[in-house]
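Breakdown of the fold
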Amino acid sequence: MFRTSDDWNRIYAEEPKPGWDMDGPTPLLNELLGEASLAPGAAIAVPGCGFGHDAAELARLGFAVTAFDIAPLAIEGARARHGGTVAWRLEDWFACEAGPFEAVFDHTCFVAMEPARRGEYAAATRARLAARGLWLGAAFHDTGDRVGPPFAIAREAMGDLIRASGFELLMLRDARDSHARRAGREFLWIARRM
Ligand SMILES: C[S@@+](CC[C@H](N)C(=O)[O-])C[C@H]1O[C@@H](n2cnc3c(N)ncnc32)[C@H](O)[C@@H]1O
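Computed from a prediction, not measured in an experiment: that's the story for all the values here.

Observations concerning the overall build of the protein chain
- The helix and strand inventory of the protein chain stands at 6 helices and 7 strands.
- When the elements of the protein chain are put in sequence order from the N terminus, they spell out α-α-β-α-β-α-β-β-α-β-α-β-β.
- A compact globule built from 194 residues should have a C-alpha radius of gyration of about 16 Å, and the protein chain, at 15 Å, falls within 12% of that.
- Across its three principal directions, the C-alpha atoms of the protein chain cover 40 × 40 × 35 Å.
- Relative to its full complement of 194 residues, the protein chain shows a buried share of 38%.
- The long-range fraction of contacts in the protein chain, counting pairs at least 24 apart against all pairs at least 6 apart in sequence, stands at 67%.

Quick look at the sheet that holds strand 1 (residues 43–46)
- With mixed pairing, 7 strands are arranged side by side in an open sheet as 3-2-1-4-5-7-6. Looking at which strands have only one partner, the edges of the open sheet turn out to be strand 3 (87–90) and strand 6 (167–174). Strand-to-strand twist in this sheet, taken as the mean axis angle between neighbours without regard to direction, amounts to 15°.
- As paired elements, strand 2 (residues 64–69) and strand 3 share 4 bridges and run parallel to each other. Note that in strand 3 the partner of Asp-69 across the bridge is Leu-90.
- This element, helix 6 (residues 155–164), spans strand 5 (129–140), strand 6 and strand 7 (186–193) of the sheet and lies at about 170° to strand 6.

Brief notes about the site of the ligand
- Taken together, 21 residues form the shell around the ligand, and within it Trp-8, Gly-48, Gly-50, Ala-71 and Trp-93 come nearest.
- Of the residues that constitute the shell around the ligand, the class distribution is 14 nonpolar, 4 polar and 3 charged.

Examining the nonpolar core
- One finds Ile-44, Val-46, Ala-55, Val-65 and Ala-67 to be the most contacted residues of the largest nonpolar core, which totals 52 residues.
- The element that contributes the greatest number of residues to this core is strand 5, accounting for 7 residues.
- The contacts of Ile-44, once residues within four sequence positions are left out, are Leu-58, Phe-63, Val-65, Phe-101, Glu-102, Ala-103 and Phe-105.

Things to note about helix 3 (residues 53–60)
- Within helix 3, 7 of the 8 residues are buried, leaving the element largely enclosed by the surrounding structure.
- Looking at the buried residues of helix 3, the elements they touch are helix 2 (28–33), strand 1, strand 2, helix 4 (72–82) and strand 4 (101–107).
- Following helix 3 by one or two positions, Gly-62 has its phi on the positive side, about 105°.

Rules behind the numbers
- Residues numbered from 1 in each chain as written.
- Predicted model: local features only at pLDDT ≥ 70, side-chain atom pairs only at ≥ 80, totals over all residues.
- Helix = DSSP H or I, 4+ residues; strand = E, 2+ residues; numbered from the N terminus.
- Rg over C-alpha atoms; globule rule 2.2 N^0.38 Å.
- Buried ≥ 20, exposed ≤ 12 C-beta atoms within 10 Å, placed from the backbone.
- Contact = placed C-beta atoms within 7 Å.
- Pairing = 2+ DSSP bridges.
- Axes fitted to C-alpha atoms, helices over the stretch in contact; angles between N-to-C directions.
- Near = placed C-beta within 6 Å.
- Nonpolar A, V, L, I, M, F, W, Y, C, P; charged D, E, K, R; others polar.
- Core = buried A, V, L, I, M, F, W, Y, C linked by C-beta atoms within 7 Å.

The analysis is restricted to geometry; functional conclusions fall outside its scope.
Here it is as structure tokens:
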């Protein structure tokens, strides 16, 4: 059984600041943007946005951002912290009708999904991208002894999934600018919808 909206919302109800929340955007956002060619003002989706720090930073940089989360308390928290700079949507990434976006920025959403859903997740992401749209992502290859979510995935396995899901893999490498708490455990990818 996969985690539901209630399951995720319960975490936000029990932990007003869940362990994954960094109080600000991930430094990996700049690292990824530095290697992706995105037009100014491009439409970007952020699935599993949590409290919305990455989405708000992308909006501050001038992108047109739509951010999704399945947990009502996440979307409430994002709105309270960042106001209306982003189009916040309380919706399931697997089921929403949205797009086409020029890019999807994925930070700890893909890797929070049960491994059995990975193919479905890649397909949902592809479906919401415009032709030649970019999937920019960061994931853990090592989460220590923690049992998910997030669910670590080997970098090469991610490359295989991306290539098998209708994307051209443009970049796949270890992250350099991870938050100190995550150093040495994350990798990045940039993939283009074919
Ligand atoms: C590990 S948290 C990461 C949150 C945020 N990206 C961050 O780094 O702070 C994963 C988020 O994905 C959301 N989520 C889980 N399944 C989802 C789905 N099917 N559609 C949209 N959001 C989902 C959860 O509610 C949670 O906020």
